[in-house]
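Close look at the chain arrangement
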Amino acid sequence: MMTEKDDHPGGEFDLIARYFTSLAGPGAYGLADDAACLTPASDGKRQVISTDTIVENVHFLPDDPPDLIARKALRVNISDCAAMGARPVSYLLNLTLPPQRGKMFLEKFSAGLAADQRAYNLNLIGGDTTRTNGPLVISVTMIGEVPADHLLTRGGARPGDAIWVTGAIGSSWLGLQALTGKIDHLDDVFAARYRCPEPRPHVIPPGVATSCLDISDGLIQDAGHIASQSQVIMALSAADIPLPGKLPPPLQRKYFEALVTGGDDYELLFTAPETATATATILDASQRAAVPITRIGTVKPGPAATQLLDEMGAPYQLTRGGWQHF
Ligand SMILES: Nc1ncnc2c1ncn2[C@@H]1O[C@H](COP(=O)(O)OP(=O)(O)OP(=O)(O)O)[C@@H](O)[C@H]1O
Ligand SMILES: Cc1ncc(C[n+]2csc(CCOP(=O)(O)O)c2C)c(N)n1
Ligand SMILES: [Mg+2]
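Residues numbered from 1 in each chain as written. Chains lettered and ligands numbered in written order. Predicted model: local features only at pLDDT ≥ 70, side-chain atom pairs only at ≥ 80, totals over all residues. Heavy atoms only, no water.

For the record, the criterion: UniProt positions are given in the numbering used here, feature names are shortened, and annotations may be inferred rather than shown by experiment.
The name that an unreviewed UniProt entry assigns to the protein chain is Thiamine-monophosphate kinase, with the source organism given as Sorlinia euscelidii. Heading Pathway (unreviewed entry) of the UniProt record for the protein chain holds this comment: "Cofactor biosynthesis; thiamine diphosphate biosynthesis; thiamine diphosphate from thiamine phosphate: step 1/1." The heading Function (unreviewed entry) in the UniProt record of the protein chain holds the text "Catalyzes the ATP-dependent phosphorylation of thiamine-monophosphate (TMP) to form thiamine-pyrophosphate (TPP), the active form of vitamin B1."

Overview of the site of ligand 2
Operational definition: Proximity is defined per residue: if any heavy atom of the residue lies within 4 Å of a molecule or strand, that residue is considered near it. By the criterion applied in these results, polar contacts are pairs of N or O atoms within 3.5 Å in which, for protein atoms, one can donate a hydrogen and the other can accept it, and in which residues neighboring in sequence qualify only through two side-chain atoms. A cavity here means a set of points on a 1 Å grid, drawn over the protein atoms and nothing else, where a 1.4 Å probe fits but cannot get out; a pocket is an open set with protein on both sides within 12 Å along at least five of seven lines, and a residue lines either one if it has an atom within 4 Å of a point. Each molecule is assigned to a cavity or pocket provided more than half of its atoms lie within 2 Å of the corresponding grid points. Residue polarity is assigned by list, with Asp, Glu, Lys and Arg as charged and Ala, Val, Leu, Ile, Met, Phe, Trp, Tyr, Cys and Pro as nonpolar; anything else, Gly included, falls into the polar class. Residue ranges assigned to each domain were obtained from an automatic or database domain assignment.
In the vicinity of ligand 2 there are 16 residues, among which Val58, His59, Tyr194, Asp264 and His325 approach most closely. Contact between ligand 2 and Val58: a nitrogen atom at 3.0 Å from a main-chain N or O atom of the residue. In the environment of ligand 2, a nitrogen atom lies 2.6 Å from a nitrogen or oxygen atom belonging to the side chain of Asp264. According to the grid-proximity analysis, the pocket containing ligand 2 is the largest pocket. A breakdown of the residues in the shell around ligand 2 according to their chemical character gives 7 nonpolar, 6 polar and 3 charged. Composition of the shell around ligand 2 by domain shows at least three residues from each of domain 1 (4–149) and domain 2 (162–309).

Some thoughts on the coordination of the magnesium ion (ligand 3)
For the record, the criterion: In this analysis a donor is any N, O or S atom within 2.8 Å of a metal ion (3.2 Å for sodium, potassium and calcium), and since water is not included, sites may seem incomplete. Under the DSSP-based scheme used, a helix requires at least four consecutive residues in state H or I and a strand at least two consecutive residues in state E, with every element numbered from the N terminus. Note on exposure labels: buried denotes an accessible area under 20% of the residue type's maximum, exposed denotes more than 50%, and partly exposed covers the range between, all computed with a 1.4 Å probe on protein chains only.
The magnesium ion (ligand 3) binds to the protein through Asp80 (OD) and Asp214 (OD); the donor distances cover 2.0 to 2.1 Å. Here the residue Asp80 occupies a position in helix α3 (residues 66–83), and Asp214 occupies one in strand β6 (residues 211–214), the gap between them amounting to 134 residues. In this structure, Asp80 and Asp214 share a single accessibility class: buried.

Description of the UniProt feature "binding site: Mg(2+) 3" (unreviewed entry) in the protein chain
The UniProt feature table records "binding site: Mg(2+) 3" (unreviewed entry) at Asp34, Asp80 and Asp214. Spanning 181 residues, the named residues are also spread out in space, since their farthest C-alpha pair is 32.9 Å apart. Checked against the lining of the largest pocket, the annotated residues reduce to Asp80 and Asp214. By the secondary structure assignment, Asp34 is in the loop between α2 (11–19) and β1 (45–55). We classify Asp34 as exposed; its relative accessible area is 77%.

So this is what it looks like as structure tokens:
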């Protein structure tokens, strides 16, 4: 079997120069110094920093195409920036490579990074490369910026606010089921979405949302984070949750619980005042971005909790809320 040493005869520094230096941006010193040096955001802007790791067999499958693994690593972080209302700008890349991930892998992987750098106007500013006999691990730290008065957090939801969500919920979970042979005859769009999420930067109109997060662990569990950070009840109407249109309605019903708790959605869940102006602004933004934004509930006063209600207003009993690593 080809070892990493055979495959990267120039060692770690040659590997960085070969695959990553062309991706480097301002302040990165060509990925050849001890650290990057950035000019802090100015003109009333704030810096937003988030980090997220993806692990083979935990967040992606070993056979996923290398360019899409790269794009997923970037996109889950772009999604966290979007959840703060921020525009992603530059990123650090920490790679832990097993021996079988050699030249072919890195060529495709770096092409995936390049494609999303172009798509999202990003620069690589540094990172770290190590070797393991364990699984492939990719960690990205994303730095973004946001005008100070457009920063979004999980803590601003107020009783009476409307609850909105972008896109549809459950597509990635369906993709994982298709790719692992657990559900047959599903549309290919689901596997594509699992492998390459579609984060939603620039979709929520600035100045309208009172709180926001991105859904990574499952809609129900993640709604609970807004509930606890804002000290409110997130009352969700089950019938209003947008489910994937390409899933036939009988399967939407059959898999409802898994769809709303499965995670990997990278859609935005946010709250906004229930005024005609805010509603019109949101629906207009949805049209302009060609991304559905659907009202799925109302914020209520009370101790932090998520309620999922059926059409009669009765609570839905779920066996779980979402993904937990531990
Ligand atoms: N090891 C850690 N050290 C410091 N802070 C951490 C650590 N792990 C998580 N956090 C912080 O805890 C909060 C929740 O982390 P988590 O990774 O669950 O983020 P999330 O946005 O809810 O989910 P996702 O990682 O899928 O985007 C974040 O503010 C994160 O910075
Ligand atoms: C192979 C495979 N098995 C299971 C899943 C599901 N999954 C893993 S981590 C996670 C939450 C987000 O991660 P984190 O909280 O670490 O950001 C979810 C929904 C997957 N994506 N791939
Ligand atoms: Mg998040």
